[in-house]
Amino acid sequence: MKRFIVLLTDFGNDFYVGQMKGVIKNINEKVEIIDLCHNIQPQNILQASVIIDSSYKFFPAGSIFVCVVDPGVGSKRDILIVRFNKYIFISPNNGLLTKIIQTNNVEVFKVVNTKYFLKPLSNTFHGRDIMSPIAAYLSKGLDINKIATKIDESSIVKIDIPIPKKRFHKDYEVYIGKYLFHDSFGNIVTNLTDDLIRESDLDNYFLKISCKNKIWKIKMKKFYSEVREKEILGYVNSFGYIEVAVNKSSAYALFTSVAPITKFSFNLIYEKK
Amino acid sequence: MKRFIVLLTDFGNDFYVGQMKGVIKNINEKVEIIDLCHNIQPQNILQASVIIDSSYKFFPAGSIFVCVVDPGVGSKRDILIVRFNKYIFISPNNGLLTKIIQTNNVEVFKVVNTKYFLKPLSNTFHGRDIMSPIAAYLSKGLDINKIATKIDESSIVKIDIPIPKKRFHKDYEVYIGKYLFHDSFGNIVTNLTDDLIRESDLDNYFLKISCKNKIWKIKMKKFYSEVREKEILGYVNSFGYIEVAVNKSSAYALFTSVAPITKFSFNLIYEKK
Amino acid sequence: MKRFIVLLTDFGNDFYVGQMKGVIKNINEKVEIIDLCHNIQPQNILQASVIIDSSYKFFPAGSIFVCVVDPGVGSKRDILIVRFNKYIFISPNNGLLTKIIQTNNVEVFKVVNTKYFLKPLSNTFHGRDIMSPIAAYLSKGLDINKIATKIDESSIVKIDIPIPKKRFHKDYEVYIGKYLFHDSFGNIVTNLTDDLIRESDLDNYFLKISCKNKIWKIKMKKFYSEVREKEILGYVNSFGYIEVAVNKSSAYALFTSVAPITKFSFNLIYEKK
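Residues numbered from 1 in each chain as written. Chains lettered and ligands numbered in written order. Predicted model: local features only at pLDDT ≥ 70, side-chain atom pairs only at ≥ 80, totals over all residues. Heavy atoms only, no water.

(A) How the structure looks around the overall build of chain A. Check the secondary structure of chain A and you find 5 helices and 16 strands. Taken along its principal axes, the extent of the C-alpha atoms in chain A is 65 × 35 × 35 Å. Per-residue burial for chain A yields a buried fraction of 62% across its 273 residues. Intrachain contacts of chain A at a sequence separation of at least 6 include 64% that bridge at least 24 residues. With the model as given, the accessible surface of chain A reaches about 11,400 Å², and the carbon-plus-sulfur share is 47%. (Helix = DSSP H or I, 4+ residues; strand = E, 2+ residues; numbered from the N terminus. Buried < 20%, exposed > 50% of the residue type's maximum accessible area, 1.4 Å probe, protein only. Contact = heavy atoms within 4.5 Å. Areas by Shrake-Rupley, 256 points an atom, 1.4 Å probe, with all protein chains shown as cover.)

(B) Structural view of the side chain of Ser132 of chain B. Residue and element names in this part refer to chain B. Within the secondary structure, Ser132 sits in helix H4 (residues 126-139). Judged by its relative accessible area of 0%, Ser132 is buried. Residues contacting Ser132, with those up to four places away along its chain left out, are Met20, Val23, Ile24 and Gly127.

(C) Representation of the relation of the copies chain C and chain B in the model. By a simple turn and slide, chain C fits onto chain B: the slide is 0.0 Å along the axis, the RMSD is 0.0 Å, and the turn is 120 degrees. Expressed as an axis order, the relation between the two copies is that of a three-fold axis. Looking at the rotation axis and the C-alpha trace of chain C, the residue lying nearest is Asn13 of chain C, at 5.1 Å. Little of the interface of chain C is mirrored in chain B, where only 4% of its interface residues are also at the interface. (Least-squares fit on C-alpha atoms with pLDDT ≥ 70 in both.)

(D) Up close: the packing of helix H1 (residues 16-27) of chain C against helix H4 (residues 126-139) of chain C. Residue and element names in this part refer to chain C. One way to put it is that H1 packs onto H4 with a least axis distance of 9 Å and a crossing angle of 35 degrees. The two elements H1 and H4 meet at a crossing, and its hand is right-handed. Note on element contacts: H4 touches H1 through Gly127, Arg128, Ser132, Pro133, Ala136 and Tyr137, opposite Gln19, Met20, Val23, Ile24 and Ile27. For the contact of H1 with H4, a count of residues per class yields 7 nonpolar, 3 polar and 1 charged. (Axes fitted to C-alpha atoms, helices over the stretch in contact; angles between N-to-C directions. Left-handed = near helix turned anticlockwise from the far one by under 90°. Nonpolar A, V, L, I, M, F, W, Y, C, P; charged D, E, K, R; others polar.)

(E) Representation of the interface of chain A and chain B within the structure. Listed by partner, the interface residues are 32 residues for chain A and 28 residues for chain B. Across the chain A/chain B interface, buried area totals approximately 2,600 Å², and carbon plus sulfur atoms make up 57% of it. When residues of chain A are sorted by the area they lose upon contact with chain B, Phe58, Phe185 and Ser238 of chain A head the list and together hold 25% of the total. At the boundary of chain A and chain B, one finds 1 salt bridge. Between Lys25 of chain B and Glu32 of chain A there is a salt bridge; the shortest N-O distance is 2.6 Å. Mapped by element, the contributors of at least two residues to the side of chain A that touches chain B are strand S2 (32-37), helix H2 (45-55) and strand S14 (232-236) of chain A. With 5 residues, S2 of chain A is the largest single contributor of residues to the side of chain A that touches chain B. When the residues that make up the side of chain A that touches chain B are grouped by side-chain class, the tally is 15 nonpolar, 9 polar and 8 charged. (Buried area = accessible area lost by both parts, 1.4 Å probe. Salt bridge = Lys/Arg side-chain N within 4 Å of Asp/Glu carboxyl O.)

(F) Spatial organisation of the packing of aromatic side chains. Enumeration over the complete set of coordinates arrives at 72 aromatic pairs over all chains. Both rings, one in Phe15 of chain A and one in Phe239 of chain C, keep their centres 5.3 Å apart while their planes meet at 75 degrees; by these two values the pair is edge-to-face. Taken together, the residues span two chains, with Phe15 of chain A in the loop between strand S1 (4-9) and helix H1 (16-27) and Phe239 of chain C in the loop between strand S14 (232-236) and strand S15 (241-246). For the pair shown, Phe15 of chain A and Phe239 of chain C are each scored as buried. Here the aromatic rings of Phe11 of chain C and Tyr16 of chain C are separated by 5.7 Å at their centres, their planes lie at 70 degrees, and the arrangement is edge-to-face. Grouping residues by exposure puts Phe11 of chain C and Tyr16 of chain C together as buried. One aromatic cluster is present, built from ring pairs that chain together Phe11, Phe15, Tyr16 and Phe125 of chain A together with Phe185, Phe239 and Tyr241 of chain C. Sitting over the ring of Phe206 of chain A, Lys217 of chain A keeps its end group 4.1 Å from the ring centre. Over the ring of Tyr270 of chain C we find Arg198 of chain C; its NZ or CZ atom is 4.9 Å from the centre of that ring. (Phe/Tyr/Trp six-rings, centres within 6.5 Å; stacked < 30°, edge-to-face > 60°. Lys NZ or Arg CZ within 6 Å of the ring centre and 35° of its normal.)

(G) Main features of the interface of chain C and chain B. The interface of chain C with chain B comprises 28 residues on the first partner and 32 residues on the second. A buried area of about 2,600 Å², summed over both sides, lies between chain C and chain B, and 57% of it is on carbon and sulfur atoms. Taken together, chain C and chain B are joined by 1 salt bridge. Run the count over chain C and chain B and you get 11 residue pairs in polar contact (both at pLDDT 80 or more). For the side of chain C that touches chain B, the element with the highest residue contribution is H1 of chain C, accounting for 8 residues. For the side of chain C that touches chain B, the residue count by class is 9 nonpolar, 13 polar and 6 charged. (Polar contact = N/O pair within 3.5 Å; in protein donor to acceptor, adjacent residues only side chain to side chain.)

(H) Highlighting the sheet that holds strand S16 (residues 265-271) of chain B. Residue and element names in this part refer to chain B. With antiparallel pairing, 5 strands are arranged side by side in an open sheet as S8-S9-S16-S12-S13. Each having just a single partner strand, strand S8 (165-168) and strand S13 (214-219) make up the two edges of the open sheet. Each strand axis lies, on average, 20 degrees off the axis of its neighbour in the sheet, ignoring direction. Bridge analysis of strand S12 (residues 205-211) against S16 gives 6 bridges, and the strand direction is antiparallel. The residue bridging Phe206 from the neighbouring strand is Ile269, located in S16. (Pairing = 2+ DSSP bridges.)

(I) Just the relation of the copies chain A and chain B, in detail. Taken as rigid bodies, chain A and chain B are interconverted by a rotation of 120 degrees and an axial shift of 0.0 Å, the fit giving an RMSD of 0.0 Å. Mapped onto chain B, only 3% of the interface residues of chain A are again interface residues, and the two copies thus contact each other with different surfaces.

Here you go:
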């Protein structure tokens, strides 16, 4: 089985990613490295948590994911190794793997053996000095138990991933949604998910987007070109979240010209007919 | 023959590119993936068209180019497969391959067999769900005819790539040029091309750049350091287009401090001596 | 021995990097290409010089580094090949390799044989047309002496890498530091280095950051989370330089709201107790 190491970080375009690749190749020249993405907003563990959960299943069994969003680097926080099916995830114990751990039958380990760390060990770049070498040695077949020890569910840090609240009325249902993050097109990913919507009944759903005394009532569609250019639409995106876009423009730019994006609410409404 | 899959998208630094790579590797773990670029301006089919046409020839024979600038994703638009020499191009039927098709002796197919699509198929990410798996299966040697059927020239969407107009005077010739796109240095690529210029006669050419009542008369040079720092120059760029730069600074920043870049004209003038 | 070609450029996200990879693979389909980084500030040779010097040692022996920050492209400036231990560096002769050359026992060559250049040779993209093919042929085992000839130390262009000045007082020592560059977190790398500091004695050091009549007196710490959110700290970074950050925010944004970053001084002070 060919092994892949997949990287997700908040390092942007900086050379830190290149250094990690050097470290990995220096240990296992044969493993193939794939960039999942490096544009996580600095320290945004929630965004990283959603993206890794939405992406891992597209990669070959055996893939090792190195997830470095690590504001606590240098402190006593543990480095976790999480395993299920044939996937392995390496990350600081800061909640980044919350969704992975909550929705799968996982084994969770914490790194205890410093033998495989890069020396000298820096205080501010454990992505390079700890997580990269561990991924490289695991990709060579090293037994996890030589590096790490199983830990209790209770020791695992979890973050709050906001769940949409429901409000039921006589004639309609409302799901109170929030901004999660946006992509480089300016499309806005909310915490509303596809299980809240019946696609066969799409015409009865709309989004009520509001901020201060401004309100937009938006139709749910399947794809961008169903609306005119510059028109707003809602849709279930390619990883199962309800997203808001402006056809051939940026929803993020539109809304942030009114107020900071976190001030908006994104409510999914189902009208009974 | 080793196979390469080369990616060109407008996905910026987002994780969409990483997901495409996962899908490809899941089907063919041996194929090598190369990023051509992902910073096409959102939905800018013209820019993508020029860049793929200017770049494919640098890649090994057998390369499969996956070109995803796809504002019509989810609609009925076809997915094309274009073949010539030993190159293969996969793209939505939206004009992205106009230059490739117009200047080569190509075979053009449209995808008709949904068997190789990712399931479930999303409505908004056919780069991942259709084009990536097709590229991966082709890279494993699958016959195009198992996936796609030849189509008529008349069914292929073409975009207008603006051609410089000529005006001949007694003492000089003028080629009326336009902005095409700019790069991360702020160098401006025009639609003027190297066939309009005789390099041996470079001193007789200049660029007249104008917007509103502002005019710049610029010398044609061979390379940046022929002019002083912060001075504007014109030159034939590395892929055969006439480009405008400011030595050690940004022409794009300079001009857009006056007006939006699309308001400028870039005229190549040849003075008979 | 597996060969790696490692790329460092100021090309940002542009397709120029993709074209270089195509050229390399067209010559040696087996060599593996790794991106160190492409976000060097345009024409910033000093930044590239520090980053290549701080990064090469993480890569496998045998790696070939192609370093393209090349404002003099097209002029008569030479292309250098520098070799030491089992590393090879290819770069314009513009000072980019200053730190590599000054701190190692190197052999320095200049390229003289045009046989391996891409034809036709452009005037503005020698990263693609000269440095990429040379790296590719060297990775296939071609003898450097077939391409290049040894040159004198005196012909090598060097840049001034600013060295912190020392001032000794009765009760304290001062090292006068400067801004070098910043990363995508907004962390500021200074020219102060870890040899100026005894980690065991960290409590006696602080940074005096000043600009105009504003002064910040900052504690030296080991890692970010030792200070509160939004608090400034100094620390030795992961490649041996003293860096200034704001915990979970951007030091660069903070300081540049006061004045351009190059107007600031970053002084390391040791107080004798």
